[in-house]
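# Remarks on the overall topology
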There are 2 protein chains.
Amino acid sequence: MSQTKYAIGVDLGGTTVKLGIVSDKGKIVQKIALDTCALDGPEKVVKQIKKGIKELLGNNKRKIEGIGVGAPGLVILKKGTVENPPNLPGWGRVQLGKRLEKEFNYPVFVENDANAAAVGEMIFGAGKKHDNFIMVTLGTGVGGGLILNKKVYRGETGAAGEIGHVSINREGRLCNCGMPGCIEAYAGNNHLVNIVNEQLPERTDSLLYKWINDEEKVLDPKLIHEAAQQDDKFACEVITEFACNLGSGLASIINLLDVSTVIIGGGVAGFGDRLFDAVKDKIKERVLKPIAPRIKVKAARLKNEAGIKGASSLVFLRG
Amino acid sequence: MSQTKYAIGVDLGGTTVKLGIVSDKGKIVQKIALDTCALDGPEKVVKQIKKGIKELLGNNKRKIEGIGVGAPGLVILKKGTVENPPNLPGWGRVQLGKRLEKEFNYPVFVENDANAAAVGEMIFGAGKKHDNFIMVTLGTGVGGGLILNKKVYRGETGAAGEIGHVSINREGRLCNCGMPGCIEAYAGNNHLVNIVNEQLPERTDSLLYKWINDEEKVLDPKLIHEAAQQDDKFACEVITEFACNLGSGLASIINLLDVSTVIIGGGVAGFGDRLFDAVKDKIKERVLKPIAPRIKVKAARLKNEAGIKGASSLVFLRG
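Residues numbered from 1 in each chain as written. Chains lettered and ligands numbered in written order. Predicted model: local features only at pLDDT ≥ 70, side-chain atom pairs only at ≥ 80, totals over all residues. Heavy atoms only, no water.

### Looking at the state of the cysteines
Residue and element names in this part refer to chain A.
- Counted according to the given criterion, the structure contains zero disulfides over all chains.
- Between C175, a free cysteine, and C177, which holds the nearest cysteine sulfur, the sulfur-to-sulfur gap is 3.9 Å.
- The buried category is assigned to C175, whose relative accessible area is 7%.
- Sulfur of C236: no disulfide; nearest cysteine sulfur belongs to C244 and is 13 Å away. (Disulfide = S-S within 2.5 Å. Buried < 20%, exposed > 50% of the residue type's maximum accessible area, 1.4 Å probe, protein only.)

Here it is, written out as structure tokens:
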């Protein structure tokens, strides 16, 4: 008989609910995906989640320890309540955890998706050996989670970890949140695409210019990465500037928290060493001197299935 | 018989060691001050501290619970080791806590002075009702302490809480730490005096101009405050700008930590409502919308004897 334990991880997204059975070593042994049906309202979304879990449990013979859910929006741990997720219209407040516990009779752990990603890295990924780290998830927005003393630091209401809304310039670029200079305004995907678009007419000698104008390729962060890998000067400059902005912001956070490890995930994190080295250099340059030698910048390990794995890790952390 | 408990608080400064016997209600019942004798090296400083404590204990009949020490520099809790305090030359590492415990046979609690000030506010002052708050101490520098879940948050090495070295402008004014845009570079006393000096020649109609040029008063933060109290336009502008800079930086910290209460101490905090209102307005304007209604900005209550009281509070917190 195997000693391996399993948990169900539910990654609740605005378009798709991804679910999987995950081992305590972080291996997904079975997975499915369903439409979230967000436009049909919260009751339908809850139905979809239940349907997915039933399907996973249907022909399962493994011992399941519990169900973990990573959800967008604010999560109140008590009753696993999910509040106003930004991309699930008409949601309001749903006691998701309580309802799933009642239905399936397993312990259910609900957490904000950014925090779940951080827990995933702590339990299965790049954060295993670290009691403290700052998790940054780069995407359209810049999300974050703080692991302090091997726990998610949640703040007063569960909203802590908004790394994207630390400002690096009180009179800087306007963020979607309405405020100037947020890290998100400089290190979100949109900004990356925007600055290339802005400067492209003057960079006619760049690979990016050729690809976008002559070959009609779509400009996205991946394309910038590909150009940088071929040493395109313009693309490299854009990535370096991006990393400097991110690194400057992280340096402030590190000074405040005295936490020296940063784990970076999300699509842009695939930019590899060039990005990580530049972020690390900038942090080291900017933090208070005694902290500099301890700085570590690591790539998240969970990659594509970070959502399901992160959600399942909540069970292994708290269970 | 009284049920009141007492502790000795030691406020170790670069020039003076202040010591007192403090009740668990935060009342100083006896106090003394000695030269630190910093230039004579650490052994002499330790001797001075011991001398002060002996003097306090000499004719004391109260029940003493322990000794608390607020020290500059990095403090390692184990053995109460004080490392490289910036204004105590040749210090290196001294196991101050262990040595005082051996000498006096009381439990000894050593903490960094900024953290001790935060504990003081939590136990005796404006932080009594708050499980979480951000303590800011305004002076030559901008110090800080983070109280999270009724405990000092110390970070990996005890250096956490460096609010002064959160940057509000990645290309801004150079701070003494060598980095650009730190809150300290905008909200330290020196900056306040510098901007008045810079702009004074053009503000000949201001009270400050009259006082400094005609009456040869010394320009310091207090003078700016006095002018502002008489509604001097220039002085009010300076204080508002100061508060805006501080408030912008605090907003980032609040977004990150989801902690909604700020307690401000130090000399400049005496600037009163004008400062507090401006800081609060700026924070509310800049934080993520759901946090804004919860924001509280309070004046520290311990004032002049914050050092002794903060140090003694370490005993009541941990004892």
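Back to the write-up after that little detour.
### Quick look at the domain arrangement of chain A
All names here are of chain A.
- Taken domain by domain, chain A consists of domain 1 (6-123 + 305-318) and domain 2 (129-300).
- At the junction of the two partners, domain 1 supplies 12 residues and domain 2 supplies 14 residues.
- Between domain 1 and domain 2, roughly 1100 Å² of surface is buried when both sides are summed, and carbon and sulfur atoms account for 62% of that area.
- Contact with domain 2 buries surface across domain 1, with N115, E121 and M122 losing the most and accounting together for 45% of the total.
- Two residues, E111 and R154, come together in a salt bridge whose shortest N-O distance is 3.0 Å.
- Taken together, domain 1 and domain 2 are joined by two residue pairs in polar contact (both at pLDDT 80 or more).
- Elements that contribute at least two residues to the side of domain 1 that touches domain 2 include exactly β5 (74-76) and α3 (113-124). (Domains from an automatic or database assignment. Contact = heavy atoms within 4.5 Å. Buried area = accessible area lost by both parts, 1.4 Å probe. Salt bridge = Lys/Arg side-chain N within 4 Å of Asp/Glu carboxyl O. Polar contact = N/O pair within 3.5 Å; in protein donor to acceptor, adjacent residues only side chain to side chain. Helix = DSSP H or I, 4+ residues; strand = E, 2+ residues; numbered from the N terminus.)

### Structural notes on the interface of chain A and chain B
- Taken residue by residue, the interface counts 42 residues in chain A and 42 residues in chain B.
- Summing both partners gives a buried area of about 3400 Å² for chain A against chain B, and 49% of it is carried by carbon and sulfur.
- For the chain A face of the interface with chain B, the top three residues by lost area are E156, R170 and L256 of chain A, together amounting to 25%.
- For the pair chain A and chain B, the interface holds four salt bridges.
- Residue E156 of chain B pairs with R294 of chain A through a salt bridge whose shortest N-O separation is 2.7 Å.
- The tally of links between chain A and chain B comes to 28 residue pairs in polar contact (both at pLDDT 80 or more).
- Breaking the side of chain A that touches chain B down by element, the ones donating at least two residues are β10 (142-148), α8 (233-257) and α9 (273-286) of chain A.
- With nine residues, α8 of chain A is the single largest residue contributor to the side of chain A that touches chain B.

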